[in-house]
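Spelled out, the chains give:
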Amino acid sequence: MEQPLDEAARLLRGAGSLAILTGAGVSAESGVPTFRDAQTGFWARFDPETLASPRGFDADPGLVWRWYMERLRGVERAEPNPGHRAIARLEARFGEEFLLITQNVDDLHERAGSRRVVHLHGSIARYLCRRCGAPHVLTPTDREAPHPPPCAACGDLVRPGVVWFGEMLPVEALQRADAWVRAADVTLVAGTSGAVYPAADLPYAALGASRSVIDVNPERGPISAAATVHLQGRSGEALPQLLARLEAPA
Ligand code: OAD
């Protein structure tokens with residue numbers, strides 16, 4: 001990986017602005033499962049339509065609730081890994097000329113020190129009414145309950161504040177992300193399969209605007225094939241190595 005690392009460091013050294021797009025792979029080394037990895041990914045074991053769609057929630061709110069409460073506990077137990085920390089260091093380096101766009105619903109980026117973060121798929125720590133949208137603060141009882149609690153405002157059911165299959169992404173967040181990848185000199189993509197749109201369009205929007213794209217992924221997928229540079233490795237290893245190259249005297 002020496003040559004791609006040098007090439008990626010060269011791109012970053014010459015960049016005035018940086019956008020980073022992350023997916024579940026960035027949290028994998030923190031023990032949070034990805035979605036599509038064979039065997040360990042959530043969607044290898046569970047049906048996304050049942051657990052992550054409005055129809056699935058309508059059909060069995062208790063099942064969906066218990067799954068999210070379990071995932072929330074997993075995220076709360078997890079700690080940021082060196083990949084998250086390297087991303088926070090890149091933000092410190094680029095300052096205002098930096099935006100982190102994540103598909104992850106965990107808060108590991110924030111806990112590693114990232115501040116300029118856009119969450120495209122919401123947050124597993126946020127809850128709201130499925131009907132009136134009123135926010136709901138989780139109680140210890142809610143967390144253990146077999147069913148979602150009722151909304152205090154209208155009595156309908158409380159749901160997780162994440163984007164499910166078939167739902168719109170937050171418009172402002174998506175527009176901001178799109179504008180950033182088109183304008184930033186480099187877009188660094190890490191830990192995403194590029195299987196879910198519209199987030200998966202972002203690396204191509206960057207390339208279409210003649211910007212450079214660095215992809216960090218142990219697998220070679222469609223984004224790595226299209227990227228300017230593919231760092232074939234885990235983000236918890238490749239990102240600190242990239243940062244070390246960048247911080248070393250030229
Ligand atoms: P996926 O599970 O689809 O892809 C995870 C990617 O991370 C794969 O390409 C892996 O090769 C890669 N990977 C695994 N371990 C890694 C590591 N240690 N370092 C770097 N990369 C690693 O996850 P996403 O692309 O994030 O949607 O999935 C996109 C969306 O699909 C998610 O946000 C979620 C899911 O359904 C919603 O919740 C709406």
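Here's a quick rundown of the structure. Just so you know, these numbers come straight off a predicted model, no measurement behind them. (Residues numbered from 1 in each chain as written. Predicted model: local features only at pLDDT ≥ 70, side-chain atom pairs only at ≥ 80, totals over all residues. Heavy atoms only, no water.)

Considerations on the sheet that holds strand β6 (residues 158-162)
Right, on to step 1. Reading across the sheet, the three strands line up as β5-β4-β6 and stay open at both edges, with antiparallel pairing between neighbours. The open sheet has two edge strands, β5 (135-136) and β6, and neither has a second partner.
Right, on to step 2. One ladder, built from five bridges, connects strand β4 (residues 122-129) with β6; its direction is antiparallel. Paired with C129 across the bridge in β6 is V158.
Right, on to step 3. Along the sheet, helix α6 (residues 61-77) makes contact with β4 and β6, crossing β4 at roughly 140°. (Pairing = 2+ DSSP bridges. Helix = DSSP H or I, 4+ residues; strand = E, 2+ residues; numbered from the N terminus. Contact = heavy atoms within 4.5 Å. Axes fitted to C-alpha atoms, helices over the stretch in contact; angles between N-to-C directions.)

Notes on the site of the ligand
Right, on to step 1. Looking at the ligand, there are 23 residues lining it, with F35, R36, H121, T192 and S193 nearest.
Right, on to step 2. With respect to the ligand, the side chain of E29 contributes an N or O atom lying 2.8 Å from a nitrogen atom.
Right, on to step 3. Between the ligand and the protein, one listed contact pairs an oxygen atom with a side-chain N or O atom of H121 at 2.7 Å.
Right, on to step 4. Expressed as a share of its isolated accessible area of 800 Å², the protein-covered part of the ligand is 93%.
Right, on to step 5. When atoms are counted within 2 Å of each cavity's grid points, the one that captures over half of the ligand is the largest pocket.
Right, on to step 6. Here the residues of the shell around the ligand are counted per class, giving eight nonpolar, ten polar and five charged. (Near = heavy atom within 4 Å. Polar contact = N/O pair within 3.5 Å; in protein donor to acceptor, adjacent residues only side chain to side chain. Areas by Shrake-Rupley, 256 points an atom, 1.4 Å probe, with all protein chains shown as cover. 1 Å grid on protein atoms, 1.4 Å probe; cavity = no way out; pocket = protein on both sides within 12 Å on 5 of 7 lines; lining within 4 Å. Sits in = over half its atoms within 2 Å of the grid points. Nonpolar A, V, L, I, M, F, W, Y, C, P; charged D, E, K, R; others polar.)

Details of the environment of E247
Right, on to step 1. Residue position: E247 is located in helix α13 (residues 235-247).
Right, on to step 2. The class of E247 is partly exposed, set by a relative accessible area of 41%.
Right, on to step 3. With 154 residues separating them in the primary sequence, E247 and R93 have C-alpha atoms 9.7 Å apart.
Right, on to step 4. E247 has contacts with R89 and R93, leaving out every residue within four places of it along the chain. (Buried < 20%, exposed > 50% of the residue type's maximum accessible area, 1.4 Å probe, protein only.)

Things to note about the packing of helix α1 (residues 2-13) against α13
Right, on to step 1. Where α1 meets α13, the axes come as close as 9 Å, and the angle between the chain directions of the two elements is 60°. In this view, α1 runs oblique relative to α13, as classed from their interaxial angle. Helix-helix and strand crossings are classified by hand; for α1 and α13 the assignment is right-handed. Facing E2, L5, D6, A8, A9, L12 and R13 of α1, the residues of α13 in contact are A238, Q241, L242, R245 and L246.
Right, on to step 2. Residues of the contact of α1 with α13, tallied by class, amount to seven nonpolar, one polar and four charged. (Parallel < 35°, antiparallel > 145°, perpendicular 65-115°, else oblique. Left-handed = near helix turned anticlockwise from the far one by under 90°.)

Focus on the packing of aromatic side chains
Right, on to step 1. For the coordinates displayed, the defined rule picks out eleven aromatic pairs.
Right, on to step 2. Ring plane angle 80° and centroid distance 5.2 Å describe the contact between F42 and W67, whose orientation is recorded as edge-to-face. Taken as a pair, F42 in helix α3 (residues 42-45) and W67 in helix α6 lie far apart in primary sequence, 25 residues in all.
Right, on to step 3. Taken together, a centroid distance of 5.1 Å and an interplanar angle of 85° make the contact between W67 and Y68 edge-to-face.
Right, on to step 4. You can call W67 buried: its relative accessible area is 8%.
Right, on to step 5. Feature note: the residues F35, F42, W43, F46, F57, W67, Y68, W164 and F165 constitute an aromatic cluster, connected by ring pairs.
Right, on to step 6. Looking at R159, its charged tip hangs above the ring of W164, at a distance of 3.9 Å from the centre. (Phe/Tyr/Trp six-rings, centres within 6.5 Å; stacked < 30°, edge-to-face > 60°. Lys NZ or Arg CZ within 6 Å of the ring centre and 35° of its normal.)

Quick look at the packing of helix α7 (residues 82-94) against α13
Any two packed helices are characterised by how steeply their axes cross, that is the angle between the axes, and by the distance between the axes.
Right, on to step 1. Look at α7 against α13: their axes get within 7 Å of each other, and the N-to-C directions meet at 30°. α7 and α13 meet at a crossing whose hand is left-handed. Of α13, the residues touching α7 (which contributes P82, G83, A86, I87, R89, L90 and R93) are S235, G236, L239, P240, L243, L246 and E247.
Right, on to step 2. Class assignment for the residues of the contact of α7 with α13 results in eight nonpolar, three polar and three charged.

A look at the sheet that holds strand β3 (residues 117-119)
Right, on to step 1. Taken together, the six strands give an open sheet; going across it, the order is β3-β2-β1-β7-β8-β9, and neighbouring strands pair in parallel fashion. Because the sheet does not close on itself, it has two edges, and the strands there are β3 and β9 (229-231). Each neighbouring strand pair of the sheet contributes to a mean axis angle of 20°, computed without reference to strand direction.
Right, on to step 2. The pairing of strand β1 (residues 18-22) with strand β2 (residues 98-102) spans five bridges and is classified as parallel. Across the sheet, residue L18 finds its bridge partner in β2, namely F98.

Side note on α6
Right, on to step 1. Look at α6: 24 Å from first C-alpha to last across 17 residues, which is about the 24 Å you get at 1.5 Å a residue.
Right, on to step 2. Residues of α6 that are buried include every one of P61, G62, V64, W65, W67, Y68, M69, R71, L72 and V75, and no others. (Expected span 1.5 Å × (residues − 1).)

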